[in-house]
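Tertiary structure, described
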Amino acid sequence: MIISSRKNQTVSRSRGLINEKKFREKEALLALEGEKLCDEALKAGLKAEYALFSEEAEKKFPQTVKTLSDVCPTYIVTDEVYSYISGQKTPQGIFLAAKLLDKSENLDRIIEKEKIILLDGIQDPGNLGTIIRTAEAFGIGGMILSGDCADPYSPKALRASMGSALRLTPFCAEDTLSVALTELKKAGFALYAAMLDKTAKKLGEFSFPKKTALIIGNEGHGISQSAAEQCEKLYIPIQTAESLNAAAAAAIFCYEMSRNR
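Residues numbered from 1 in each chain as written. Predicted model: local features only at pLDDT ≥ 70, side-chain atom pairs only at ≥ 80, totals over all residues. Heavy atoms only, no water.

Focus: the overall build of the protein chain
Counting its regular elements, the protein chain contains 12 helices and 12 strands. The C-alpha atoms of the protein chain give a radius of gyration of 20 Å, which matches the 18 Å a tight globule of 261 residues would have. Projected onto the principal axes, the alpha-carbon positions of the protein chain cover approximately 65 × 40 × 30 Å. Taken over 261 residues, the protein chain has a buried fraction of 49%. Relative to all contacts within the protein chain whose residues are 6 or more apart in sequence, the contacts with residues 24 or more apart total 78%. Total accessible area computed for the protein chain in this model is approximately 13100 Å², and 47% of it derives from carbon and sulfur atoms. Of the side chains in the protein chain, 34 bear a positive and 34 a negative charge, and the two mean positions are spaced by 2 Å. (Helix = DSSP H or I, 4+ residues; strand = E, 2+ residues; numbered from the N terminus. Rg over C-alpha atoms; globule rule 2.2 N^0.38 Å. Buried < 20%, exposed > 50% of the residue type's maximum accessible area, 1.4 Å probe, protein only. Contact = heavy atoms within 4.5 Å. Areas by Shrake-Rupley, 256 points an atom, 1.4 Å probe, with all protein chains shown as cover. Lys, Arg positive; Asp, Glu negative; His and termini not counted. Charge placed at Lys NZ, Arg CZ, Asp CG, Glu CD.)

Written out as structure tokens, the structure is:
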């Protein structure tokens, strides 16, 4: 049976998972859209709760429909109803609800790595997802997020990360980064903050230590004072622009950190 009503319970639930962080947390589910991201979720070992397809997607992606049908209940909706559910302008018509990742021990596991990125107040989910994808690409071992960062498991952040957030699982601090920074310092990490400052070191004129943790700050306000005070400051030399986008700056820092492994 093809679902054609916006008032259908599964339709309402799916729309809520896409649009509301509190609803995702209450349901303990992730909302994933698109063939690529759903495939990455299964590869990462996430347990599928249910899947939903538009009529067009059922015809266009028969193998994906079969794969998801083998692991969870599936539903078909009209193209109009899927557009109502989705937050995308041109959705593929594939939706998967999967069990939320267990992040309970991530801080301990992350501190065992050698190169770590910390994000302080990154509020744009597209920037956040891009940074996570970049960090994985350059072999960064772990990611720690302050409590006021965007949700790394929002549909927009997951799309921007292209599945990296399902592998390089970020640890989300309840509040500031202070506890994480204290633990990193105890573990022998050199702590750096990316910021424009008169006392900052110029990137490229030194080598990162084996165990390095670097903070990237908020798109508009930079790094919080409490975090900056615990770190040595670094800056990227640029020509005429005032500053770089947070995701662009993170890409440069991740590359430099990977060169010094």
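Moving on from the coordinates now.
Comments concerning the pattern of salt bridges
All chains considered together, the criterion is met by 15 salt bridges. Across the pair D39 and K43 runs a salt bridge whose closest N-O atoms are separated by 3.2 Å. A residue pair is termed a helical-turn pair when its members lie 3 or 4 positions apart in one helix, as D39 and K43 do in helix α3 (residues 35–43) at 4 residues. Here K202 ties to E205 by a salt bridge, and the two come within 3.8 Å at their closest N and O atoms. Classification of K202 by relative accessible area gives partly exposed; the value is 31%. Because the salt bridges share partners, they merge into one network encompassing R13, E27, E49 and K99. (Salt bridge = Lys/Arg side-chain N within 4 Å of Asp/Glu carboxyl O.)

Topic: the sheet that holds strand β10 (residues 201–202)
Sheet architecture is open: 7 strands sit in the order β8-β7-β6-β11-β9-β12-β10, paired in parallel fashion. Each end of this open sheet is capped by a strand with a single partner; those strands are β8 (171–172) and β10. Sheet topology places β10 next to strand β12 (residues 232–235); 2 bridges connect them, and they run parallel. Bridging from a neighbouring strand, K201 pairs with L234 of β12. The strands touched by helix α10 (residues 178–186) are β6 (115–120), β7 (142–145), β9 (190–194) and β11 (212–217); relative to β6, the strand with the most contacts, the crossing angle is about 160 degrees. On the sheet, helix α12 (residues 246–259) packs against β6, β9, β11 and β12 and is oriented at approximately 170 degrees with respect to β11. (Pairing = 2+ DSSP bridges. Axes fitted to C-alpha atoms, helices over the stretch in contact; angles between N-to-C directions.)

Quick word on the environment of A57
Considering the arrangement of structural elements, one finds A57 in helix α4 (residues 55–60). The residues touching A57, leaving out its near neighbours within four places in the chain, are V65, Q92, G93 and I94.

Details of the pairing of β11
Along β11, 6 of the 6 residues are buried, which leaves the element largely enclosed by surrounding structure. Every second residue of β11 is oriented toward a common face, with T212, L214 and I216 on one face and A213, I215 and G217 on the other, all of them buried. As paired strands, β6 and β11 are joined by 6 bridges and run parallel to one another. For I117, the partnering residue across the bridge sits in β11 and is L214. Examined bridge by bridge, β9 and β11 share 4 bridges and lie parallel to one another. Within β11, the residue paired with L191 across the bridge is A213.

Quick word on the layout of surface pockets
Of the voids in this model, the largest pocket is the one considered here, and its volume is about 530 Å³. What lines the largest pocket is a set of 21 residues, and nearest its centre among them are A194, M195, L196, S243 and L244. Contributions of two or more residues to the lining of the largest pocket are made by β11, β12 and α12. When the residues that make up the lining of the largest pocket are grouped by side-chain class, the tally is 13 nonpolar, 7 polar and 1 charged. (1 Å grid on protein atoms, 1.4 Å probe; cavity = no way out; pocket = protein on both sides within 12 Å on 5 of 7 lines; lining within 4 Å. Points joined across faces, edges and corners; volume = space filled by probe spheres on them. Nonpolar A, V, L, I, M, F, W, Y, C, P; charged D, E, K, R; others polar.)

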